[in-house]
Amino acid sequence: MSENKEQEVIDIKDDTLEETNAENDFNLDNNNENECQTTKSNGSEKGFTVFGYKMSQIKWGNVVFLTVMHILAAYGYYHCIVVDIKALTVTFIYIISCASGLGILVGSHRLWAHRSFKARWPLKVILMILQTMTVNGSIFSYVRDHRTHHKWSDSVADPKNSTRGFFFAHMGWWLVKKDPKVIQFGKKLSYDDLWNDPIVRFQHRFYTPLAIIFCFILPTLTPLLWSEDLLTAFVSCVGIRAVVVLHHMWTVNSIAHIFGYRIYDKDLRPTENKLVVYMSMGEGSHNYHHAFPYDYTTSYYKWYESYNLATVFIVISSLLGLAYDMKKPTNETIKQYVEKKGDIIEVNLIHKKHILIRLIIGLWDWIMGSIVTSWPIWTIMLIKIALGKQFFFFEWNDIIFAKYFCS
Ligand SMILES: [Zn+2]
Ligand SMILES: [Zn+2]
């Protein structure tokens, strides 16, 4: 990819809706072409409506899928309280929750959508599998929507347009067909880099079977290795895990586009929001991210100054030689930008703290982030204690392989 083309991909940000001649002649998303207008009925139209949307405007497949997943998660939460659950299963849930979340954050977001760093193929394969575990759509569909979101943020052409309300920005946009403007303007962007990536093409082509394997089958079967009950494994490692991860990630589009402060670019609707930093493992500095979308850390701060598991993952990957060419604006670039568009006094006040203060804030951030990220586990534990139940137990004999070694 040429330098100009690459810059175009990583630096998409434009708040105009001007027509351009650039058109893409590819579109693997079959649903896209056939989608009809989703703008709410104006009341004068005849026919049954749900929350103002005509029946034909609703994506019924997604409504049914998300409803079933939420019922599964709610039942899973109750189930894990009333039955004995093994410590290894709980540990496994926490690890795959964080890991699959990183599939979105590091993979489909920072690597494929923004090209903020480069990755060698083993890391790409790992990120593709982790991203598939989240059932957050294929990498291609995520990147298509996300680049459109950045380019025409919070306008009628933004698929996650937060001016249509909190629920729409959070998950409602999954449930109704896209506004024609989203499709029309989304086609103006380039996705050549995605189609030139065999891993992205493979995942998009075989998305459904891959999602069934990596989101549903493997997370359910793995806990059987330490003799976990099949139903417990399914409802906790699939139901609770998948739904919680999706909601945590969706807060970036909802909370971080509505609540918080805007210091890097006052003209942008995205905000700086600490709760979202904690819930999304480091993506809540969203005003900064929309101002500097090519920054691989999505934040001004270094990993030890703010909770940012995704950045730590990229840094470790680079130490292992799997990630390289990480992009970050210089302090001078940020300063010049903020002087024009943001609040330089406020930014200086926040950034120019003594290193010791920044480290203490960073430590506090990591503690808070870890607590928020793991809330389903510790709340189940607290309820079990309150009910006088045994929680999370461990026995060597439960581990299938241990039986062979011990006998
Ligand atoms: Zn955004
Ligand atoms: Zn982004």
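Being a predicted model, the structure only gives us computed values, none of them experimental.

**Observations concerning the environment of Leu175**
By the element assignment, Leu175 lies in helix α7 (residues 166-175). Leu175 sits 116 residues away from Lys59 along the chain, and the two C-alpha atoms are 5.1 Å apart. Not counting chain neighbours up to four residues away, the residues in contact with Leu175 comprise Ile58, Lys59, Asn62 and Val63.

**With respect to the confidence of the model for the chain**
Low pLDDT means the predicted atomic positions in that stretch should not be read closely. For the chain, per-residue confidence averages 87 on the pLDDT scale, and 87% of positions sit at 70 or higher. Within the model, the stretch residues 1-38 combines pLDDT values under 50 with 60 contacts to residues more than four positions away or in other chains.

**Regarding the UniProt feature "transmembrane region" (unreviewed entry) in the chain**
The feature "transmembrane region" (unreviewed entry), as given by UniProt, occupies residues 60-78, 90-113, 125-143, 206-226, 233-250, 306-324 and 355-378 in the numbering adopted here. As annotated, residues 125-143 has a helix share of 74% and a strand share of 0%, and its two end C-alpha atoms lie 17 Å apart. What you have in residues 355-378 is 96% helix and 0% strand, and the ends, taken at the C-alpha atoms, are 32 Å apart.

**Looking at the nonpolar core**
Judged by nonpolar contacts, the single largest core of 62 residues is most densely connected at Val106 and Ala310. Built from parts of two domains, this core gets at least three residues from each of domain 1 (28-250) and domain 2 (263-373). Of all hydrophobic cores here, the second largest spans eleven residues; its members include Ile263, Ala291, Tyr301 and Ile334.

**Digging into helix α11 (residues 207-221)**
With 15 residues, α11 extends 20 Å between its outermost C-alpha atoms, agreeing within 8% with the 21 Å of an ideal straight helix rising 1.5 Å per residue. The sharpest bend along α11 comes to roughly 30°, located at Ile213. On its buried face, α11 is in contact with α4 (87-113), α5 (121-133) and α12 (230-250).

**A word on unusual backbone geometry**
Phi at Val135 is positive, roughly 45°, even though this residue is not glycine. For Val135, the location among the structural elements is in the loop between α5 and α6 (139-151). Look at Val135 and you get buried, because 21 C-beta atoms sit within 10 Å. Phi at Asp325 is positive, roughly 55°, even though this residue is not glycine. In this structure, Asp325 sits in the loop between β4 (323-324) and α17 (331-341). For Asp325, a count of 11 C-beta atoms within 10 Å translates into the label exposed.

**A few points about the packing of helix α3 (residues 60-82) against helix α20 (residues 375-386)**
For any two helices packed against each other, one specifies the inter-axial angle together with the distance between the axes. With their axes 9 Å apart at the nearest point, α3 and α20 run at an angle of 45° to one another. In terms of axis orientation, α3 runs oblique to α20. The two elements α3 and α20 meet at a crossing, and its hand is right-handed. Where α3 approaches α20, its residues Tyr77, Cys80 and Ile81 are matched on the opposing element by Pro376, Ile380, Ile383 and Lys384. Of the residues belonging to the contact of α3 with α20, the class tally is six nonpolar, no polar and one charged.

**Some details on α6**
The end-to-end C-alpha separation of α6 is 18 Å, in line with the 18 Å expected for 13 residues at 1.5 Å each. Within the sequence span of α6, burial applies to Ile139, Phe140, Val143, Arg144, Asp145, His146, Arg147, Thr148, His149, His150 and Lys151. Taken together, the buried residues of α6 touch α4, α5, α8 (180-186), α9 (192-195), α10 (198-205) and α15 (286-291).

**Looking at the environment of Asn308**
As for its placement among the helices and strands, Asn308 is situated in the loop between α15 and α16 (309-319). Judged by C-beta crowding, with 29 C-beta atoms within 10 Å, Asn308 ranks as buried. In sequence terms Asn308 and Thr297 are eleven residues apart; their C-alpha atoms lie 7.9 Å from each other. Not counting chain neighbours up to four residues away, the residues in contact with Asn308 comprise Gly282, Thr297, Ser299 and Trp303.

**Concerning the packing of α4 against α6**
Look at α4 against α6: their axes get within 10 Å of each other, and the N-to-C directions meet at 60°. Between α4 and α6, the crossing angle belongs to the class labelled oblique. α6 is crossed by α4, and the crossing has right-handed handedness. Contact residues: α4 offers Gly107, Ser108, His109, Trp112 and Ala113, while α6 offers Ile139, Tyr142, Val143, His146 and Arg147. Class assignment of the residues belonging to the contact of α4 with α6 gives a composition of five nonpolar, four polar and one charged.

Criteria and cut-off values
- Sequence order sets the numbering: in each chain, residues are counted from 1 along the sequence as written.
- Just so you know, chain letters begin at A and ligand numbers begin at 1, following the order they were written in.
- Since the coordinates come from a predicted model, pLDDT governs what is reported: local features require at least 70, and pairs of side-chain atoms require 80 or more to be given and counted, while whole-chain, interface and lining totals use all residues.
- A helix here means a DSSP run of H or I that spans at least four residues, while a strand means a run of E at least two residues long, and both kinds are numbered starting from the N terminus.
- Here, residues touch in the contact sense if the C-beta positions derived from the backbone fall within 7 Å of one another.
- Known as pLDDT, the predictor's per-residue confidence is scaled from 0 to 100.
- UniProt positions are given in the numbering used here, feature names are shortened, and annotations may be inferred rather than shown by experiment.
- Put simply, a nonpolar core is a cluster of buried Ala, Val, Leu, Ile, Met, Phe, Trp, Tyr and Cys residues tied together by C-beta atoms within 7 Å.
- To assign burial, the other C-beta atoms lying within 10 Å of each residue's own C-beta are counted, with C-beta atoms placed from the backbone; 20 or more indicates buried, 12 or fewer indicates exposed, and intermediate counts indicate partly exposed.
- What fixes the domain bounds is an automatic or database domain assignment.
- Multiply 1.5 Å by the residue count of a helix minus one, and that product is the helix's expected span.
- Here the bend at a residue is taken as the angle between two axes, fitted respectively to the seven residues that end there and the seven that start there.
- Angular values range over 0 to 180 degrees, each being the angle between N-to-C directions of two axes fitted as lines to C-alpha atoms, with helices fitted over their stretch in contact.
- Here is the rule for angles: anything less than 35 degrees is roughly parallel, anything more than 145 is roughly antiparallel, 65 through 115 is roughly perpendicular, and the remaining ranges are oblique.
- Left-handed describes a crossing in which the near helix is turned anticlockwise from the far one by less than a right angle; the clockwise case is right-handed.
- Polar here means any residue other than Ala, Val, Leu, Ile, Met, Phe, Trp, Tyr, Cys and Pro, which are nonpolar, and Asp, Glu, Lys and Arg, which are charged; Gly is therefore polar.

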